[in-house]
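Structure at a glance
Spelled out, the chains give:
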Amino acid sequence: MILPGSTLGVLGGGQLGRMFAIAARTMGYRVVTWDPDPHSPAKDFASVHIDAGFEDENGINYFLKHVQAVTTEFENVPTETLRKLSDHMRVIPSAESVGICQDRILEKTFLDNAGIPVPEFMAILDRKDLEKAFQKTGTPALLKRSRWGYDGKGQALVSNMAEALSAFNSWGEVPCILEQKVPFSHEISIILARNQQGEIRSFPIAENWHSHGVLETTAVPAQTSETSGQKAMQLSEIIVTKLAYEGILAIEFFVLDDGRVLVNEMAPRPHNSGHFTLVACTTDQFEQQVRVLCGLPLGGTKLISPVVMGNIMGDLWQGGEPDWSLLLSEENLKLHLYGKTTSRPGRKMGHFSILDNNIKIAREKARTLLLKLASYKVP
Ligand code: AMP
């Protein structure tokens, strides 16, 4: 067990690292954040922040000297750094698990081999692969970069060879997957923790809506059938067990009209669709990350109240700083801002959660507030 007073390291300094640092500091740990960006949101809550590239020897040496256990808030950290650190301290998730989740070809192949249903897909290593891939996926399909894609970036909806080639060329012909466009009825996600002893604890299933490939709102409990929910839960447990996973894993699913569930993707860390846990669960996903990292008992994940989470995107800064009093005057709303000093369209700047027994009404309210926020500006 790594006890309070010890120093925890986190690779990545975005909002997920910030909320990890808040949870860890609340529980009496010191926190070292590591991110090349000297203005990382996590830095505000770090005991020490290292602004160096993730392969920097000085960063590694600092961690070796001062840190007792390491986790990550970002899947695109070099697995070699995780491996080097893991020779000397507890590192979760493992380099192997992160390696699978950071590469769509490895991820989809792992899932497929494990018998987990996924959309039809094929790896594209060469332009010649595209024709055969279309036969498998049909049209339209999504061409996705195998690495470095997130929030709908590095993805193109393509209906024919010409469109696919144009996207493939524009990304420098890096490895990709071509994936069937799934006619899903709705999207859900499950965030779960698995510890060193193989004990698994899941948060309640979340239902998610995206806008331009980016999460817009999440509602919990998810309005999905009991069968689909149970199936998604079973698949999640198979996945973490087959990966021998330690840490927090988020899994996104497509639910089809006939109730079948397909895995879309996994993230080896807390997830945007789990921010509701900060206000609506006994233990939140970041505290759970601290607990599993430190070998502490896993926390209870019970839902205390139905909840809707809305993402606050940088687009809302067009025309000036949003007037937060619009949100803060709502009685059952909790606002989280990530302390980012520059906004840009598509950048996640914060989120809010509304506690309400009627999640349909709460989601309508969340969407209305987001629309209004675009024109409510600080005078
Ligand atoms: P991703 O970054 O792969 O999770 O994609 C972001 C969002 O794009 C997903 O949550 C879906 O709403 C949509 N999307 C991604 N892949 C597919 C697919 N194969 N079929 C239909 N929609 C998709």
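Our subject is the structure that appears above.
To start, this report covers the structure provided alongside it. (Residues numbered from 1 in each chain as written. Predicted model: local features only at pLDDT ≥ 70, side-chain atom pairs only at ≥ 80, totals over all residues. Heavy atoms only, no water.)

Some details on the site of the ligand
Stated formally: The cutoff for a nearby residue is simple: one of its non-hydrogen atoms must lie within 4 Å of the molecule or strand. Definition of a polar contact: a pair of N or O atoms within 3.5 Å, with one able to donate and the other able to accept a hydrogen when the atoms are protein atoms, and with sequence-neighbouring residues admitted only if both atoms are side-chain atoms. Only the protein chains shown count as cover for residues, and all accessible areas are computed by the Shrake-Rupley method using a 1.4 Å probe. Numbering of helices and strands runs from the N terminus; a helix is a DSSP stretch of H or I covering at least four residues, while a strand is a stretch of E covering at least two. Side-chain classes are defined by residue name, with Ala, Val, Leu, Ile, Met, Phe, Trp, Tyr, Cys and Pro counting as nonpolar, Asp, Glu, Lys and Arg as charged, and the others, Gly among them, as polar.
The full set close to the ligand counts 17 residues, and Lys 144, Glu 179, Gln 180, Val 182 and Glu 187 are the nearest of them. The separation between a nitrogen atom of the ligand and a polar side-chain atom of Lys 144 is 2.8 Å. A distance of 3.3 Å separates an oxygen atom of the ligand from a polar atom in the side chain of His 210. Burial of the ligand by the surrounding chains reaches 92%, relative to a free accessible area of 470 Å². Those elements giving two or more residues to the shell around the ligand turn out to be β7 (141-145), β9 (176-180), β14 (247-255) and β15 (261-267). Considering only residue class, the shell around the ligand consists of 4 nonpolar, 6 polar and 7 charged.

Focus: the packing of aromatic side chains
Selection rule: Here a pair means two rings of Phe, Tyr or Trp (six-membered ring of Trp) with centres within 6.5 Å. Their orientation is stacked below 30 degrees between planes, edge-to-face above 60, and tilted elsewhere. Partly exposed describes any residue whose relative accessible area lies between the buried limit of under 20% and the exposed limit of over 50%, with all areas from a 1.4 Å probe on protein chains only and scaled to the type maximum. Charge-over-ring contacts are defined here by two conditions on Lys NZ or Arg CZ: a distance within 6 Å of the ring centre and an angle within 35 degrees of the ring normal.
By the definition in use, this model includes 6 aromatic pairs. Relative to Phe 254, the ring of Phe 184 lies with its centre 5.1 Å away and its plane at 5°, an arrangement referred to as stacked. Of the two residues, Phe 184 is situated in the loop between β9 and β10 (186-194) and Phe 254 in strand β14; the sequence distance between them amounts to 70 residues. Look at Phe 254 and you get buried, because its relative accessible area is 8%. Put simply, the rings of Trp 34, Phe 54, Phe 63, Phe 74 and Trp 148 touch in pairs and so form one group of aromatic residues. For Lys 136, the ring lying beneath its charged end belongs to Phe 121, and the centroid distance is 5.5 Å.

Some remarks on the pairing of β9
Put simply, the test is: In this analysis, strands are considered paired if DSSP registers two or more bridges between them.
Judged by how many residues are buried, β9 sits mostly within the fold: 4 of 5 residues are covered. Sheet topology places strand β6 (residues 121-124) next to β9; 4 bridges connect them, and they run antiparallel. Paired with Met 122 across the two strands is Leu 178, which belongs to β9. The sheet contact formed by β7 and β9 spans 5 bridges and is antiparallel. When the sheet's bridge partners are listed, Arg 145 is paired in β9 with Cys 176.

As for the state of the cysteines
Counted only if it meets this: Note on terminology: disulfide denotes any pair of cysteine sulfur atoms within 2.5 Å.
Counted by the stated rule, this structure contains 0 disulfides. Residue Cys 176 stays outside any disulfide, its sulfur separated by 19 Å from that of Cys 101, the closest cysteine. Of the residues examined, Cys 176 reaches a relative accessible area of 0% and is grouped as buried.

Some points on the sheet that holds strand β3 (residues 48-50)
The line we're drawing: Contact criterion: two residues are considered in contact whenever any of their non-hydrogen atoms come within 4.5 Å of each other. Each axis is a line fitted through C-alpha atoms, and for a helix only the stretch in contact is used; angles between axes span 0 to 180 degrees, taken between their N-to-C directions.
One open sheet accounts for 5 strands, arranged β3-β2-β1-β4-β5; its pairing is parallel. The two strands at the open ends of the sheet, each matched to only one other strand, are β3 and β5 (90-91). Both strand β1 (residues 7-11) and strand β4 (residues 69-72) contribute to a ladder of 4 bridges, which runs parallel. For Gly 9, the partnering residue across the bridge sits in β4 and is Val 70. Where helix α10 (residues 285-294) meets the sheet, its contacts fall on β1, β4 and β5, and the angle it forms with β4 comes to roughly 140°.

Examining the pattern of salt bridges
For side chains of opposite charge, pairing can occur when their charged atoms come near one another. Note the cut-off: A carboxyl oxygen of Asp or Glu within 4 Å of a side-chain nitrogen of Lys or Arg is what we treat as a salt bridge.
Counted under the stated rule, the structure contains 17 salt bridges. Between Arg 90 and Glu 246 there is a salt bridge; the shortest N-O distance is 2.7 Å. Of the two residues, Arg 90 sits in strand β5 while Glu 246 sits in the loop between α8 (226-242) and β14, which places them 156 residues apart along the sequence. Residue Arg 90 shares its accessibility class with Glu 246, and that shared class is buried. For Lys 108, the salt bridge goes to Glu 179, with nearest N and O atoms at 2.6 Å. Of the two residues, Lys 108 is situated in helix α5 (residues 104-113) and Glu 179 in strand β9; the sequence distance between them amounts to 71 residues. Judged by relative accessible area, which is 1%, Glu 179 ranks as buried. Among the charged side chains, a network of salt bridges with common partners joins Glu 80, Arg 83 and Glu 96.

Some details on helix α1 (residues 15-26)
To keep things clear, this is the line we draw: Given the number of residues in a helix, its expected span is that number minus one, multiplied by 1.5 Å.
Compared with the 16 Å implied by 1.5 Å per residue over 12 residues, the 16 Å span of α1 between its first and last C-alpha is a close match. Among the 12 residues of α1, 9 are classified as buried, and the element is accordingly described as predominantly covered.

Regarding the side chain of Ser 353
The topology assignment puts Ser 353 in strand β18 (residues 348-355). What makes Ser 353 buried here is its relative accessible area of 1%. Once residues within four sequence positions are removed from consideration, Ser 353 is found in contact with His 275, Phe 276, Val 279, Val 307, Val 308, Met 309, Asn 332, Leu 333 and Lys 334.

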